[in-house]
Amino acid sequence: MTAERVPGAVSRRVLLTAAVGALAGCGGGGHPAAPSRAATASGAPSHAPSSSLAPSASPTPSPTSGGTALPATSPWRPGPGELQPDVKSRATQLVEAIGNWPPGGSGAAAAQGRVAALGGLDPGLVNQAGPLLSTADQAALQVIYAQYGGLLTDSASVLVVCDQWTPQGAGGTTVDVRLSAAGPRWTVTALHPAAPGPAAASLSTAAQAVLGSPHIELPPAALADVRSGQVHDSALQAMLTLAQTYTMSISVVRSGHPIDVFGTTRPSDHPLGRAFDVWRINGLAVVDPATPHDLVDGFMRAAAAAGSYNVGGPRQLTGGTTPNQFFTDDTHHDHVHVGFNS
């Protein structure tokens with residue numbers, strides 16, 4: 001299989017020159033005292049969701065006029081080290097506008113009004129929102145992380161990973177938000193929500209172990225991917241091997257990722273169930289300049305040792321047991337990609 005690197009990515013120096021805004025980060029190391037997003041038996045998150053670097057939503061319910069209490073949420077903000085942070089902001093603001101509504105604010109028409117209020121975006125994008133919209137009387141959505149699925153000079157894919165709550169319960173999805181360069185801000189051209197598929201009647205031993213691991217944090221779409229039985233054991237076994245040393249926050253597994261490597265016609269390993277992306281290691285964001293390089297680089301080498309033929313991240317590593325086993329580009333500046341041949 002071909003590598004997941006994105007061709008023609010603009011240079012990091014050019015993107016940093018154009019970057020807009022950054023927020024403070026956090027430090028630390030080792031397994032956190034309590035894993036922050038381990039899967040639970042019900043599929044609901046084990047704690048309040050988090051922004052790019054630190055928790056940004058309180059688990060304390062927010063009473064509403066209708067008497068139903070949903071978790072309090074807050075807008076996602078890019079953290080330090082992000083390339084083209086306003087591109088990510090544009091994508092997350094759209095998803096937040098569609099997926100959050102007060103009592104009585106359900107329906108496509110109301111969502112289109114919220115999108116129109118953002119300015120410069122097509123309200124018709126609401127028709128592509130899929131699971132972000134429901135008939136629930138109200139909803140609260142929290143973006144967990146916004147990761148690049150592709151970043152080129154004039155186009156991008158931002159994978160918006162989110163939790164969502166309604167009075168009927170907890171859920172969430174991952175939306176592949178496509179954008180094109182425009183002035184004064186990039187514009188959104190399409191939405192591709194994740195479609196994980198139904199839960200399998202039975203799961204492999206590896207899948208069951210992943211679902212029960214306190215050191216593997218799975219957001220809703222990735223959790224559903226594992227439960228669907230469509231993730232190869234090669235990827236699942238690697239997760240378990242890495243979890244013996246690290247706590248990892250997975251962003252994307254199979255669904256919600258571009259079908260082809262962005263900007264090419266080469267199939268990505270993700271939709272085939274043969275890859276996963278990690279945006280946070282031991283509670284530290286891969287993209288954050290304060291995160292020790294040794295932690296991320298060590299994780300990448302451990303992923304290769306666990307059987308990955310295709311490990312991408314924020315830096316080019318030397319060595320490897322196969323040609324081009326390690327790679328880097330602007331798309332993988334904010335996460336570690338771990339891919340498998342089968």
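Quick summary incoming for the structure in this document. Since the model is a prediction, treat every value here as computed from it, not as a measurement. (Residues numbered from 1 in each chain as written. Predicted model: local features only at pLDDT ≥ 70, side-chain atom pairs only at ≥ 80, totals over all residues. Heavy atoms only, no water.)

### Remarks on the pattern of salt bridges
If you walk through the whole model with that rule in mind, you get eight salt bridges. Taking the shortest distance from any N to any O, the salt bridge between Lys88 and Asp334 comes out at 2.6 Å. Of the two residues, Lys88 sits in helix 2 (residues 85-99) while Asp334 sits in the loop between strand 12 (326-328) and strand 13 (336-339), which places them 246 residues apart along the sequence. Looking at Asp334, the relative accessible area reads 1%, which means it is buried. A salt bridge links Glu217 to Arg280, with the shortest nitrogen-to-oxygen separation between them at 3.4 Å. (Salt bridge = Lys/Arg side-chain N within 4 Å of Asp/Glu carboxyl O. Helix = DSSP H or I, 4+ residues; strand = E, 2+ residues; numbered from the N terminus. Buried < 20%, exposed > 50% of the residue type's maximum accessible area, 1.4 Å probe, protein only.)

### Overview of empty space enclosed by the protein
Scanning the model with the defined rule gives one cavity of 30 Å³ or more in all. Taken together, 13 residues form the lining of the largest cavity, with Glu4, Gly149, His257, Thr331 and His332 sitting closest to its centre. Residue classes in the lining of the largest cavity are distributed as four nonpolar, seven polar and two charged. (1 Å grid on protein atoms, 1.4 Å probe; cavity = no way out; pocket = protein on both sides within 12 Å on 5 of 7 lines; lining within 4 Å. Points joined across faces, edges and corners; volume = space filled by probe spheres on them. Nonpolar A, V, L, I, M, F, W, Y, C, P; charged D, E, K, R; others polar.)

### Remarks on the nonpolar core
Residues Ile216, Leu218, Met239, Met248, Ile250 and Phe276 are the most contacted members of the largest nonpolar core, which totals 38 residues. Of all the secondary-structure elements, those providing two or more residues to this core are helix 4 (205-212), helix 5 (220-228), helix 6 (233-243), strand 8 (248-252), strand 9 (275-281), helix 7 (293-305) and strand 13. If one sorts the elements of this core by residue count, helix 6 sits on top with seven residues. In this structure, Val87, Leu132, Val160 and Trp186 belong to the second largest nonpolar core, which totals 35 residues. (Core = buried A, V, L, I, M, F, W, Y, C linked by side-chain atoms within 4.5 Å.)

### A word on the packing of helix 4 against helix 6
Helix-helix packing: each pair is described by the crossing angle between the helix axes and the interaxial distance. Contact geometry for helix 4 and helix 6: axes closest at 9 Å, N-to-C directions at 40 degrees. By the angle between their directions, the pair helix 4 and helix 6 is classed as oblique. As helix 4 runs across helix 6, the sense of the crossing is left-handed. Residue-level contacts link Ala206, Ala207, Ala209 and Val210 of helix 4 to Asp233, Leu236, Gln237, Met239 and Leu240 of helix 6. (Axes fitted to C-alpha atoms, helices over the stretch in contact; angles between N-to-C directions. Parallel < 35°, antiparallel > 145°, perpendicular 65-115°, else oblique. Left-handed = near helix turned anticlockwise from the far one by under 90°. Contact = heavy atoms within 4.5 Å.)

### A short note on helix 3 (residues 108-118)
Turning to helix 3, its buried residues number three or more, namely Ala111, Arg114 and Val115. Buried residues in helix 3, looked at end-on, bunch into an arc of 100 degrees, giving them a common side. Residues of helix 3 that are exposed and point more than 90 degrees away from the buried face comprise Ala109 and Ala117. Directly beyond the C-terminal end of helix 3, a positive phi value near 85 degrees is found at Gly119. (Arc of directions from axis to C-beta.)

### Let's talk about the sheet that holds strand 3 (residues 140-151)
Spatially, the four strands line up as an open sheet ordered 3-4-5-6, and their pairing is antiparallel. For this open sheet the edge positions go to strand 3 and strand 6 (187-193), each flanked by a neighbour on one side alone. Recorded for the sheet is a direction-independent mean angle of 25 degrees between the axes of neighbouring strands. The pairing of strand 4 (residues 155-166) with strand 5 (residues 169-180) spans 12 bridges and is antiparallel. What sits directly across from Thr166, in strand 5, is Gly169. Sitting on the sheet, helix 2 touches strand 3, strand 4, strand 5 and strand 6, and the angle it makes with strand 3 is about 145 degrees. Across the sheet, helix 5 is in contact with strand 3, strand 4 and strand 5; its angle to strand 5 comes to roughly 110 degrees. (Pairing = 2+ DSSP bridges.)

### Topic: the packing of helix 4 against helix 5
Between helix 4 and helix 5, the shortest axis-to-axis distance is 9 Å and the interhelical angle comes to 150 degrees. With respect to their mutual orientation, helix 4 and helix 5 come out roughly antiparallel. By crossing handedness, the relation of helix 4 to helix 5 is classed as left-handed. The segment helix 4 lies against helix 5, with Ala207, Val210 and Leu211 engaging Leu223, Val226 and Arg227. Residues belonging to the contact of helix 4 with helix 5 are distributed by class as follows: five nonpolar, no polar and one charged.

### Some words on the environment of Leu70
As for its position among the elements, Leu70 is in strand 2 (residues 69-71). Between the C-alpha atom of Leu70 and that of Thr166, which follows or precedes it by 96 residues, the distance is 7.0 Å.

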